[in-house]
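# Examining the three-dimensional arrangement
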Amino acid sequence: MPSSVMSMSRQGDGHPSPAAVSAIGLRKSYGDKTVLDGIDLHIPAGSVFALLGPNGAGKTTAVKILSTLIAADDGQVQVAGHDLAADPQAVRAAIGVTGQFSAVDGLITGEENMLLMADLHHLSRREGRRVAAELLERFDLTEAAKKPASTYSGGMKRRLDIAMTLVGSPRIIFLDEPTTGLDPRSRHNMWQIIRELVTGGVTVFLTTQYLEEADELADRIAVLHDGKIAAEGTAEELKRIVPGGHVRLRFTDPAAYRSAATALREVTRDDEALALQIPSDGSQRELRSLLDWLDSAGIEADELTVHTPDLDDVFFALTGDASIPAQPKETAR
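Just so it is clear, the structure is predicted and the values come from calculations on it, not from any experiment.

Glancing now at the sheet that holds strand β11 (residues 246-250). Reading across from one edge, β12-β13-β11-β14 is the order of the four strands in this open sheet, with antiparallel pairing throughout. Strands with a single pairing partner mark the edges of an open sheet, and in this sheet they are β12 (268-270) and β14 (303-307). The sheet shows a mean angle of 20° between the axes of neighbouring strands, taken without regard to direction. In this sheet, β14 lies alongside β11 in antiparallel orientation, the contact comprising five bridges. Each bridged residue has a counterpart across the sheet, and for valine 247 the counterpart in β14 is valine 306. Set on the sheet, helix α9 (residues 254-263) makes contact with β12 and β13 (275-279); between it and β13 the angle comes to about 25°.

As structure tokens, this is what we get:
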């Protein structure tokens with residue numbers, strides 16, 4: 001793994017940045033099956049961290065441990081500055097959890113679901129109604145608030161689920177595959193909600209099988225495979241650890257094309273398109289070196305494009321798993 005793929009976020013002075021979630025040597029087994037085999041995590045406050053992995057990789061187990069739902073077999077964990085083993089109640093007060101399966105009660109209205117959560121957080125009746133109304137409006141559910149939640153679409157139920165999670169004003173939110181089963185429009189709406197939460201200072205721990213989702217949202221991504229973190233870094237760092245990246249130079253002047261093709265080593269030629277393909281990890285250093293060389297040689301390319309592997313390539317290379325769900329290719333930026 002290249003040195004650019006770090007396992008810890010750092011501030012400009014080289015010191016680790018404040019962690020919303022920190023885990024060292026986290027382990028969990030069920031019988032003779034090891035689900036988490038000594039994983040380390042460092043998630044800075046106010047960021048989105050995505051945990052990727054195939055089905056059964058241990059993503060949900062990690063969320064359950066970090067959110068105090070089950071106990072780890074071993075490891076040191078701090079969440080929101082509190083020791084998970086020593087003070088689980090303080091951890092629970094600082095977090096919110098939205099699991100794979102909705103916590104929404106379909107037999108009561110959206111508003112009643114919200115007020116129920118307010119009661120669970122010991123808010124006064126007046127404060128509970130205020131918070132419920134604000135969150136229903138924020139998640140565009142005011143019009144449907146008096147209707148039974150069973151009549152809501154999948155996207156509306158997911159929005160209500162997250163709204164319920166926010167009743168207690170958590171500083172850290174665990175979202176376990178929050179967009180599974182949603183249509184593309186609802187998925188993009190959910191992405192926008194997550195971005196707004198982070199803008200407001202909330203830390204989001206996201207598990208997902210949708211690689212595009214991690215690419216869109218996450219500040220850092222970890223790939224979980226066979227109970228271990230196979231790689232961790234930004235999306236761009238991860239894309240550079242698998243082969244296939246290249247720079248493509250296209251020319252309109254045949255003489256410039258021939259000069260560049262003759263001078264450059266390890267180049268793939270496309271004589272018909274007057275284009276050259278040069279292996280590259282897409283790093284700033286390599287691009288600067290190539291551009292400096294072209295400039296010193298007096299060769300001018302008409303078009304330069306950088307091609308890097310996508311997260312699908314990273315995922316397959318690290319896990320050997322080709323069974324991830326199909327996903328739409330449109331993006332919401």
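This paragraph deals with helix α1 (residues 59-66). With six of its eight residues buried, α1 lies for the most part within the structure. Following α1 by one or two positions, threonine 68 has its phi on the positive side, about 70°.

Moving on, we get to the layout of surface pockets. Of the voids in this model, the largest pocket is the one considered here, and its volume is about 480 Å³. Together, 21 residues line the largest pocket, and Ser67, Leu69, Gly96, Val97 and Thr98 are the ones closest to its centre. Of all elements in the fold, only α1, β6 (95-98) and α5 (154-165) reach the threshold of two or more residues within the lining of the largest pocket. Residue contributions to the lining of the largest pocket peak at four residues, all from β6.

Our focus in this paragraph is the pattern of salt bridges. Pairs can form between side chains of opposite charge once their charged atoms are near each other. One pass over the full model with this rule turns up 14 salt bridges. Note that arginine 195 is salt-bridged to glutamate 216, the shortest N-O span being 2.9 Å. Remark: glutamate 216 occurs in helix α7 (residues 211-217) and arginine 195 occurs in helix α6 (residues 184-199); sequence separation between them is 21 residues. Taking relative accessible area as the criterion, glutamate 216 reaches 13% and is therefore assigned buried. Each of Arg27, Asp37 and Lys228 takes part in one network of salt bridges that share partners.

Calculation notes
The numbers attached to residues start from 1 for each chain and follow its sequence in the written order. In view of the model being predicted, local features appear only for residues whose pLDDT reaches at least 70, and side-chain atom pairs are presented and counted only at 80 or more, with totals across whole chains, interfaces and linings using the full set of residues. Hydrogen atoms and water are omitted, and side-chain values are computed over all heavy atoms in the structure. By definition, two strands form a pair when at least two bridges between them are found by DSSP. Per the convention used, a helix needs a DSSP run of H or I reaching at least four residues, while a strand needs a run of E reaching at least two, with both numbered from the N terminus. Lines fitted to C-alpha atoms define the axes here, with helix axes fitted over just the stretch in contact, and angles between the N-to-C directions of these axes take values from 0 to 180 degrees. Throughout, a residue-residue contact means that at least one pair of heavy atoms, one from each residue, lies within 4.5 Å. For the exposure calls, accessible area comes from a 1.4 Å probe over protein chains only, and a residue counts as buried if that area is under 20% of its type's maximum, exposed if over 50%, partly exposed in between. As defined here, a cavity is a set of points on a 1 Å grid over the protein atoms alone where a 1.4 Å probe fits but cannot get out. A pocket is an open set with protein on both sides within 12 Å along at least five of seven lines, and residues line them when an atom is within 4 Å of a point. Grid points are joined across faces, edges and corners, and a volume is the space filled by probe spheres set on the points. What counts as a salt bridge is simple: a side-chain nitrogen of Lys or Arg found within 4 Å of a carboxyl oxygen of Asp or Glu.

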